[in-house]
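The lines below spell out each chain.
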Amino acid sequence: MNGRRGLVALIVAAAIGWHSLSVVYPAWSEAQLEEGGNDFGSYYYATRVAFLDGDPWSKSALNRLSRVENEGRGVHPFLYPPPFLLINSWIGGFSLHLGYRIWFWFDEALAVVTAGLLWASQRRISPVAGPAVAVGFALLTALPNNHVMGQANLLPLAFVLAGFWAEDEDRPFLAGLLVGTAAMLKMSPALLVFLWLFQRNWRAVGGAAAAVTGLTLATLPLVDAGHQLRFYTQVLPTFSSGAYNGLIIPIDLFGNHSVPNLVNHWFPGDDNGMSPVGGALSGALAVGFLALILWTHRSPSDDPLERSLARSAVAVLGLMVPVYTYEHHLVFALPALVALFLAVERGRLTAGPAAVVG
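What you see is a predicted model, and the numbers here were worked out from it, not measured in a lab. (Residues numbered from 1 in each chain as written. Predicted model: local features only at pLDDT ≥ 70, side-chain atom pairs only at ≥ 80, totals over all residues. Heavy atoms only, no water.)

### A look at the layout of surface pockets
Within this model, the largest pocket holds a volume of roughly 1400 Å³. Considering the residues around the largest pocket, the lining is formed by 50 residues, among which Phe239, Tyr244, Pro322, Val323 and Tyr324 are closest to the centre. The set of elements that each furnish at least two residues to the lining of the largest pocket consists of helix H2 (40-51), helix H10 (191-198), helix H13 (238-241), helix H15 (276-296) and helix H16 (304-320). Looking at side-chain class alone, the lining of the largest pocket contains 30 nonpolar, 17 polar and 3 charged residues. One number sums up the size of the second largest pocket: a volume of about 360 Å³. What lines the second largest pocket is a set of 21 residues, and nearest its centre among them are Glu167, Gln199, Pro300, Ser301 and Arg307. (1 Å grid on protein atoms, 1.4 Å probe; cavity = no way out; pocket = protein on both sides within 12 Å on 5 of 7 lines; lining within 4 Å. Points joined across faces, edges and corners; volume = space filled by probe spheres on them. Helix = DSSP H or I, 4+ residues; strand = E, 2+ residues; numbered from the N terminus. Nonpolar A, V, L, I, M, F, W, Y, C, P; charged D, E, K, R; others polar.)

### Focus on the side chain of Ser66
Here Ser66 shows up in helix H3 (residues 59-69). When sequence neighbours within four positions are dropped, the list of residues in contact with Ser66 reads Tyr45, Glu71, Arg73, Gly74 and Val75. (Contact = heavy atoms within 4.5 Å.)

### Points about a nonpolar patch on the surface
A grouping of Leu262, Trp266, Phe267 and Val277 is seen on the molecular surface, where their side chains present a nonpolar patch of about 420 Å² in accessible area. Structurally, Leu262 is set in helix H14 (residues 259-266). (Patch = residues over 30% accessible without salt bridge, like charges linked within 9 Å, V, L, I, M, F, W, Y side chains within 5 Å. Areas by Shrake-Rupley, 256 points an atom, 1.4 Å probe, with all protein chains shown as cover. Salt bridge = Lys/Arg side-chain N within 4 Å of Asp/Glu carboxyl O.)

### Focus on helix H17 (residues 334-345)
With 12 residues, H17 should reach 16 Å at 1.5 Å per residue; the first-to-last C-alpha distance of 17 Å fits that figure. Those residues of H17 that sit buried are Leu334, Pro335, Ala336, Val338, Ala339, Leu342 and Ala343. Those residues of H17 that are buried are in contact with helix H5 (96-122), helix H6 (129-139), helix H7 (142-148), helix H8 (154-168) and H16. Just beyond H17, the residue with positive phi is Gly347, at close to 80 degrees. (Expected span 1.5 Å × (residues − 1). Buried < 20%, exposed > 50% of the residue type's maximum accessible area, 1.4 Å probe, protein only.)

### As for empty space enclosed by the protein
What the rule picks out here adds up to 1 cavity of 30 Å³ or more. What the largest cavity holds in volume is close to 70 Å³. As for the largest cavity, its lining consists of Val160, Ser188, Pro189, Leu191, Leu192, Val314, Ala315, Gly318 and Phe332. Looking at the lining of the largest cavity, the elements with two or more residues in it are H10 and H16. Broken down by element, the residue count for the lining of the largest cavity peaks at 3 residues, all from H16. Here the lining of the largest cavity is composed, by residue class, of 7 nonpolar, 2 polar and no charged.

Shown next, in the form of C-alpha cells:
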C-alpha cells in the first residue's frame with residue numbers, strides 16, 4: 001500500500017512539475033513579448049466599448065478604440081454572449097498590456113481550480129482519479145497555449161465541471177445553474193442541456209434556463225436589450241456559416257481541428273465563410289453526431305464512469321462542430337481525456353482502443 005501511495009505521489013508531483021515548467025517556459029516567456037494581447041484584446045476592447053454605451057459586437061468600434069490606444073493595432077471581433085462582459089467587466093480597469101498579463105495568471109489559477117473540480121467529479125470512478133487528472137493536465141499542451149493566446153476557455157470549463165460535480169451529488173438544479181452560466185460565457189456548453197433534455201432531467205434544464213434568464217437581466221445595465229438582441233439575431237447566426245462576425249481568419253489555416261474545416265477542403269468557401277454546400281453538410285454532420293450521442297446515452301446511468309463518458313462526448317462534440325477549433329480550445333477535451341484514462345484503468349476498453357488512448 002505504501003509503495004502504491006509513493007508511486008501515485010511521484011506521478012502527481014512529476015505531472016505538476018511538467019505543467020509548471022510549460023507554463024513558465026515557453027508560455028510566460030512568450031506572453032512577456034506579446035504587445036497586442038492576442039485574443040484577450042477583443043474581450044478587453046469589447047468591455048471598454050460596452051462601458052461607453054457602444055455596441056461591443058461592432059468590429060469597427062473595437063478597432064477604432066484599439067488603434068488609438070494600441071499603436072494602430074486592430075483586434076479580432078468580439079464573439080461571446082452578453083453576460084461574458086458582465087462577469088469580466090473588471091478587465092477594463094487595467095491597461096491592455098497589464099490586463100493581458102493578469103489574465104494569463106488568472107487563467108493559470110483557473111487551471112488549478114479546474115483540476116480540483118475535475119478530480120471532484122471523477123473521484124467516485126476510481127482511486128487513481130487524482131493521478132489521471134494530473135497526467136491529463138500535464139500532457140495537454142492546450143493549457144499553456146490557452147494562456148498565451150489570452151483565451152477564455154477555462155472560466156466556462158470551471159463552471160461546467162462544477163455542474164458535473166453537482167449532478168453527481170444529486171443536485172440537478174444547481175448543475176443546471178452552473179452549466180447554464182457556462183453557456184452564457186461560451187455557447188458550446190449549451191449542448192449539455194440537450195443531453196439533459198433527452199434524459200428528461202427537467203430540474204437541470206430548469207436550472208440552466210434560470211441561469212440564462214438571470215444573467216441576461218443582470219447584464220442589461222451594461223449591455224442594453226437592443227445590443228443583446230443583435231448578438232442573438234445577427235452575430236450568433238454567423239457562427240454556422242464561418243463568417244464569425246467579420247473574423248478574417250482562413251478556415252483552412254493550419255491547426256484548425258474542426259469537422260467544418262475538413263468539409264471546407266471538399267467544398268471550399270471564400271472570405272465570407274463556407275460554401276452553401278459545405279455549410280449544409282457541416283450542419284447535417286453536427287446534427288447527426290449530436291443525435292447519435294444523445295440516442296446512445298438517452299437513459300440516465302447510475303455508473304459515474306458512464307455519466308462521465310456521456311458528458312465528455314458532448315463536450316468533445318462542442319469542439320468538433322464549430323468552424324474554428326484551435327489548440328487552445330482543446331482544454332474542453334480534458335474531461336474526455338481523464339474519463340478515457342479511467343475507462344482503461346477499469347478495464348472498460350480492450351487492448352486496441354486502450355492503445356489508441358495511450
